[in-house]
Amino acid sequence: MIGLFDSGIGGLTVVRELKRLLPGVALAYFGDTARTPYGNKSAEVISRYGLEATKFLVEKGCQLVVVACNTVSAVGLPAIRQAYPQLPLFDVITPAVSAVSRLPLKRKKVGVMGTRALVGSNIYQRLLAEVNGFTVVARAAPLLVPLVEEGWFDKPETKRLVRHYLRPFKQAQVEALVLACTHYPLLKEVIVSRLGKKITIIDPAMATAAAVVEWLKQHPGIDSRLERGSSRFYVSDLTDHTQTIAQKWLGQKITLERASLSLK
Ligand code: DGL
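Scope of this entry: the structure provided in the associated data block. (Residues numbered from 1 in each chain as written. Predicted model: local features only at pLDDT ≥ 70, side-chain atom pairs only at ≥ 80, totals over all residues. Heavy atoms only, no water.)

1. Thoughts on the sheet that holds strand β5 (residues 109–114)
Pairing in this open sheet of 4 strands is parallel, and the strands run β6-β5-β7-β8 from one edge to the other. Of all the strands in the sheet, just β6 (135–140) and β8 (200–202) have a single pairing partner and so form its edges. Mean inter-strand twist for the sheet, computed between neighbouring axes without regard to direction, equals 20°. Where β5 and strand β7 (residues 176–180) come together, 5 bridges link them in parallel fashion. Note on β7: the bridge partner recorded for Gly114 is Ala180. (Pairing = 2+ DSSP bridges. Helix = DSSP H or I, 4+ residues; strand = E, 2+ residues; numbered from the N terminus. Axes fitted to C-alpha atoms, helices over the stretch in contact; angles between N-to-C directions.)

2. Here's the deal with the site of the ligand
Neighbouring the ligand are the residues Asp6, Ser7, Thr36, Pro37, Tyr38, Gly39, Cys69, Asn70, Thr71, Thr115, Cys181 and Thr182. At a separation of 2.7 Å, an oxygen atom of the ligand approaches a polar backbone atom of Tyr38. In this structure, a nitrogen atom belonging to the ligand sits 2.8 Å away from a side-chain N or O atom of Thr182. The fraction of the free accessible surface of the ligand (300 Å²) that becomes covered by protein chains is 98%. Counting atoms within 2 Å of the grid points, the majority share of the ligand lands in the largest pocket. Classifying every residue of the shell around the ligand gives 4 nonpolar, 7 polar and 1 charged. (Near = heavy atom within 4 Å. Polar contact = N/O pair within 3.5 Å; in protein donor to acceptor, adjacent residues only side chain to side chain. Areas by Shrake-Rupley, 256 points an atom, 1.4 Å probe, with all protein chains shown as cover. 1 Å grid on protein atoms, 1.4 Å probe; cavity = no way out; pocket = protein on both sides within 12 Å on 5 of 7 lines; lining within 4 Å. Sits in = over half its atoms within 2 Å of the grid points. Nonpolar A, V, L, I, M, F, W, Y, C, P; charged D, E, K, R; others polar.)

3. Looking at a positive patch on the surface
Residues Arg160, Arg163, Arg167, Lys170 and Arg194 make up a contiguous surface patch of positive charge. Ranked by the residues each element gives to the positive patch, the list is headed by helix α9 (residues 156–171), at 4 residues. Looking at the element boundaries, Arg160 is found in helix α9. Of the residues examined, Arg160 reaches a relative accessible area of 53% and is grouped as exposed. (Patch = residues over 30% accessible without salt bridge, like charges linked within 9 Å, V, L, I, M, F, W, Y side chains within 5 Å. Salt bridge = Lys/Arg side-chain N within 4 Å of Asp/Glu carboxyl O. Lys, Arg positive; Asp, Glu negative; His and termini not counted. Charge placed at Lys NZ, Arg CZ, Asp CG, Glu CD. Buried < 20%, exposed > 50% of the residue type's maximum accessible area, 1.4 Å probe, protein only.)

4. Here we look at the sheet that holds strand β9 (residues 232–235)
Across the sheet, 6 strands lie side by side as β4-β3-β1-β2-β9-β10; this open sheet has parallel pairing. In this open sheet, the two edge strands, each paired with only one partner strand, are β4 (89–91) and β10 (256–258). On average, each strand axis in the sheet is inclined to that of its neighbour by 25°, with strand direction left out of account. As paired elements, strand β3 (residues 64–67) and β4 share 3 bridges and run parallel to each other.

5. Side note on the pattern of salt bridges
Overall, the coordinates contain 10 salt bridges when judged by the stated rule. Arg20 is the partner of Glu17 in a salt bridge, and the nearest nitrogen-oxygen pair spans 2.6 Å. Note that Glu17 and Arg20 are positioned in helix α1 (residues 12–21) at a spacing of 3 residues, about one turn of the helix. Residue Lys159 pairs with Asp154 through a salt bridge whose shortest N-O separation is 3.7 Å. Its relative accessible area of 37% is what places Lys159 among the partly exposed residues. Here the salt bridges share partners, and the residues they tie into one network are Asp32, Arg35, Arg48 and Glu52.

Below is the structure:
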């Protein structure tokens, strides 16, 4: 089985893309709704949470794990790799970096909008600026997360905040913007209407799903053993609101299950 996890249900944006490319493949998803958001927490705590989620999915029988959380992808991968050296592990940053590197940008100027922990990790600066000579403008936009969770995609308050958060990117005249938080792709329309069509939007969820499919093509042994059938969706805390928005974001009927794992 392919396992995916996130700090909450935002990672369903990655599930949605993966299901589009691999219909019929059974997925196991874990959303840590009891401890979300991760974006304002320390690297140490985020790494520990990432490890616990990976352990949960491996114990459920997943042979491949996708870290569908930008924050864990930014700071938690070394701990997971160390604990599970044999496990094929995907993150949402590497594919987004590859997607940016392939863009024909004249000035190589890229914006990254993410959580505080992701921006603080300087991961995009390291991967894009140091290796590929890009100029990276990275800013946190934490207030967008609760707005998206309330379903406020199109409200005047949301538009005002989006305008506020996009200002530094517009001022810096970035040529592309990475939506480096699971929730931001749900605001793509508002973002594009503010930025204009000339600025390319990179959605790590789409880039990651494509990277997983590509990897499976190169590993037919694993691909042929992947379970087909229905997917399971586990959360560490379950409420009616979570159930409702999870379905909305995924665009299909699902039943969330309360995961039995002990949280510290
Ligand atoms: N899922 C998180 C991410 O992509 C955003 C929400 C949070 O802060 O936990 O980084």
